[in-house]
Structures are given as C-alpha cells and as structure tokens.
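Close look at the chain arrangement
Below are the chains, spelled out letter by letter.
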Amino acid sequence: MAGSTYGTVFRITTWGESHGKALGVVVDGCPAGLELEERDIQLYLDRRKPGATGIATPRKEADSVEILSGVFEGRTTGTPISLMIRNTSQISGDYSEIASCYRPGHADYTFDRKYGFRDYRGGGRSSGRETVGRVAAGAIACKILKKLGITVCAYTRSIGPVEADMSGFDRQAALETPTAMPDRQADAAAVAYLEDVRHDTDSVGGCMECLVEGLPGGIGDPVFEKLDANLAKAVMSIGAVKAVEIGDGHEVSRHRGSENNDSFQMREGKAVKVSNHAGGILGGISDGDTIVVRAYVKPTPSIFRTQQTVSQSGESMEIKIKGRHDPVIVPRAVVVMECMTALTVLDAMMLNLSARMENLTAFYGLGGKQVL
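Here goes a summary of the coordinates provided. (Residues numbered from 1 in each chain as written. Predicted model: local features only at pLDDT ≥ 70, side-chain atom pairs only at ≥ 80, totals over all residues. Heavy atoms only, no water.)

All right, on to the packing of aromatic side chains then. Tallying each qualifying case throughout the model produces four aromatic pairs. Measuring from ring centre to ring centre gives 5.3 Å for Y102 and Y109, while their planes differ by 85 degrees; the resulting arrangement is edge-to-face. Residue class for Y102 comes out buried when judged on its relative accessible area of 12%. The exposure class of Y109 is partly exposed, given its relative accessible area of 44%. (Phe/Tyr/Trp six-rings, centres within 6.5 Å; stacked < 30°, edge-to-face > 60°. Buried < 20%, exposed > 50% of the residue type's maximum accessible area, 1.4 Å probe, protein only.)

Right under this line is the structure:
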C-alpha cells in the first residue's frame, strides 16, 4: 500500500492496523542531539487515546509508546527513530457481522474497489487508530519547534451547533475539558448536547482550529510546495476531515479587496500586518504572523441505528453497527491536527535552509572552511 509516508526532510512512515498487534511510526530526518524520552511523546498520546473521557469510545487503550531505535542515552542519534504502540483492547468479534457488507460512511467499499480485499476489523488502515503514529511523530516535531520558539496549539472550535466563545480564549481549558474547547461554558453545553445525541443513537461533527505562533516569515515555497497547500494536505489526510481553511477561509469570498487585504505598518523597525485575514501566509510563504488553520470534521460514521447498505455479493440489506465508537471525533482529533501541522511546518523550515546562499555560508563558513 502506498501513501503511508509523509514529509521530505523530516519524514515519517506510519504502520499498523486498528486490530493488529501494534501500530507505530518510523521518523527519519530528526537531527542528532535532541533530548528525547518516552514521556515527551506520551503527553501527546494521552490526549488522543480512547477511553479517556465520558464522551469518547469506551475502548480502553493505554497507548504506551516504546522507543525502539534512534535514541541513545536520552538523545537522538540522527538515525531513524522507530516508535511502537501496542494494541491491548481489541474485540474483533464486534466486526464479524459486517465482514461481507459495507458500512455507510466508512471506507469499506472503496478499499474493496481498490484492493479486492480489506481488513474489516475496525477498518484496518482506514481506522482513526492509524493516527496514533502521526501523534507520536508529531510530538517530536513539536519539541523541536518549541526549542526554536515556535508553538503549535489546536483546539475544538465547535461541536454540532455549540460554538466556543473565542473572545475569552482559554488555552488551559482546551487541554483540560473533555471536548478540548478553550471555553468552559461552551464545553458544558457541548457535553449536554452530546448526551442528547448519544441518547438518539446518533453522532455529530464539528470544527477544529490550530494556531502556529512564532514562525518567522519566509517559510514555504511558491507554486506546488506552498505552505498553505501542504498544511491543507496534511490536515485533510486526517480521515474524518472534509474541509480545510486558512485564515478567514470561505468568508473571503464575501469580502471586498479593501476588506480582505492585510495592511502593513512599521513597528520597531519591522514590517508587521495590522490584521490577519490571510492567516499568516501570503503567496504560499509565511509572513511572520500567526498561522490559522481550520478543519471541519464529519460525524462519526459508526452509529447504533439501522441503516441501508449492500453486501459484497450485491444484495440490498440492513445493518446495525456494533462495537465501541465515539459520538464525536473532534476532541480526540484535535491533537492529530496539532501534530500534522507541526510536522508540516518543521519540514518546511528544514527545506528552507537551502533557500539562501548565506544559510550555507553561515553553517559551513567562508573559503571552504567547515564549521563543526
């Protein structure tokens, strides 16, 4: 299967299935000398793991990460870093009844069309559990970015009709509330709404938002490797995401140029924007302002009510899905968006080192003298 590798310099390959023995990721291109231990990665995995809150799937997984290679005496060696997370709570029997039919809203039908074969136990590689490897790798990217003074922060903007009040943005609340909302009042309203949804044996979607702060201007490339294009691809690769916006997103289609253009002014000898409709990116290149990425997530496709479908043999039938499923995907997907954003930004920064001659001379020195 192609398509499991992401990145150019800081490059990751995820592996494993929802109901296999383990999942993981291989990270290539991480610089030597980064202090790294399993605890650094576990902090991010704990935000994604199932069974952590009352609004998540009851599947219990510790999601404990094991560093298999690429770290010696607490520091990265510059060689590939292999990370593994074992599956410990699979109940594959929940999926036996859907082995020969297609679940509405899932990738069952499309996987069959492509490969003529599929792992029906939880969706295999199409399961949201695949993202555990992305989060493990993204935790490393976030640590490197933090050392460079760059922070990446994602949170839930809305769940169904419940929207967070961004005027009282509370970053700590986004880490503590079960919905990952930066607004505790909206969190309480969303939890109540989700109870109604669960009672109706249904599910709901929502919106995630991610901010990148501290990124200097000049990161990203024009034409096919634009930073916003790569961010959109990275976030859109998260299974349940159906739309991505940068900055004001679709709202710009309603504005005039005089409203949408971000004016510049000089502050302390530096050109800065007085607004950020562009979301921190102009011409595919970062402009030094906060990058704003927004993603819209569909409702969880696995719902506990009867639906119409067809079997592999082409017969119409009814299906009622069993198993353990989230009524909303958004709160656990927030950290996945954060990590995919971090991976994309870090890779773009590494690529940017070759953009100017002075970058090479600053590192290697003039007159062929290498700086070590």
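Bringing the environment of V335 into the picture now. Examined against the element boundaries, V335 turns out to sit in helix α8 (residues 330–352). Owing to a relative accessible area of 1%, V335 belongs among the buried residues under this scheme. Through-space distance from the C-alpha of V335 to that of R86 is 19 Å; in sequence the pair is 249 residues apart. Apart from residues lying up to four places away in sequence, V335 is in contact with Y44, R47, R48 and V135. (Helix = DSSP H or I, 4+ residues; strand = E, 2+ residues; numbered from the N terminus. Contact = heavy atoms within 4.5 Å.)

Spatially, β9-β8-β10-β16-β11 is the arrangement adopted by the five strands of the open sheet, whose pairing is antiparallel. Looking at strand neighbours, the two that pair on one side only are β9 (162–163) and β11 (241–246), the edges of this open sheet. Bridging between strand β8 (residues 151–159) and β9 involves two bridges; their strand directions are antiparallel. Across the sheet, the residue bridging to I159 is V162, located in β9. (Pairing = 2+ DSSP bridges.)

Moving on: the layout of surface pockets. When its volume is computed, the second largest pocket comes out at roughly 570 Å³. Around the second largest pocket sit 22 residues that line it, and Y44, C142, K146, V152 and E338 are the ones nearest its centre. Of all the secondary-structure elements, those providing two or more residues to the lining of the second largest pocket are α1 (38–48), α3 (131–147), β8 and α4 (171–176). Counting residues per element, the lining of the second largest pocket draws most heavily on α3, at six residues. (1 Å grid on protein atoms, 1.4 Å probe; cavity = no way out; pocket = protein on both sides within 12 Å on 5 of 7 lines; lining within 4 Å. Points joined across faces, edges and corners; volume = space filled by probe spheres on them.)

The next point concerns the packing of helix α6 (residues 227–236) against α8. Two numbers describe how α6 lies on α8: the axes approach to 9 Å, and their chain directions differ by 145 degrees. Between α6 and α8 lies a crossing whose hand is right-handed. Only M337, M340, T341, T344, V345 and A348 of α8 make contact with α6, whose side of the interface consists of L227, N230, L231, A234 and V235. Residues that form the contact of α6 with α8 fall into these classes: eight nonpolar, three polar and no charged. (Axes fitted to C-alpha atoms, helices over the stretch in contact; angles between N-to-C directions. Left-handed = near helix turned anticlockwise from the far one by under 90°. Nonpolar A, V, L, I, M, F, W, Y, C, P; charged D, E, K, R; others polar.)

The next subject is the nonpolar core. F10, V27, I41, I140, M208 and L215 are the most contacted members of the largest nonpolar core, which has 73 residues in total. In terms of residues, this core owes the most to one element, α8, which gives 15 residues. By size, the runner-up hydrophobic cluster in this structure holds five residues, among which are C153, A174, L211 and V292. (Core = buried A, V, L, I, M, F, W, Y, C linked by side-chain atoms within 4.5 Å.)

Direction of pairing for strand β17 (residues 307–310) relative to strand β18 (residues 316–319): antiparallel, over a ladder of four bridges. Each residue of the ladder has a partner; that of V310, found in β18, is S316. The loop that links β17 with its antiparallel partner β18 comprises five residues; one of these, G314, has a positive phi angle of about 90 degrees.

Here the focus is the pairing of strand β2 (residues 11–16). The two faces of β2 differ: I12, T14 and G16 on one face are buried, but R11, T13 and W15 on the other face are not. In terms of strand pairing, strand β1 (residues 5–6) meets β2 through two bridges, oriented antiparallel. Paired with Y6 across the bridge in β2 is I12. If you look at the hairpin formed by β1 and β2, you'll find four residues sitting between the two strands, and G7 has a positive phi there, around 110 degrees.

Of note, T344 is situated in helix α8. Under the relative-accessibility criterion, T344 is labelled buried at 4%. Within the structure, T344 has its side chain in polar contact with the backbone oxygen of M340 (distance 2.8 Å). If sequence neighbours within four positions are ignored, T344 has contacts with Y6, L227, N230, L231 and A234. (Polar contact = N/O pair within 3.5 Å; in protein donor to acceptor, adjacent residues only side chain to side chain.)

Remember that the coordinates give geometry; whether it matters functionally is a separate question.
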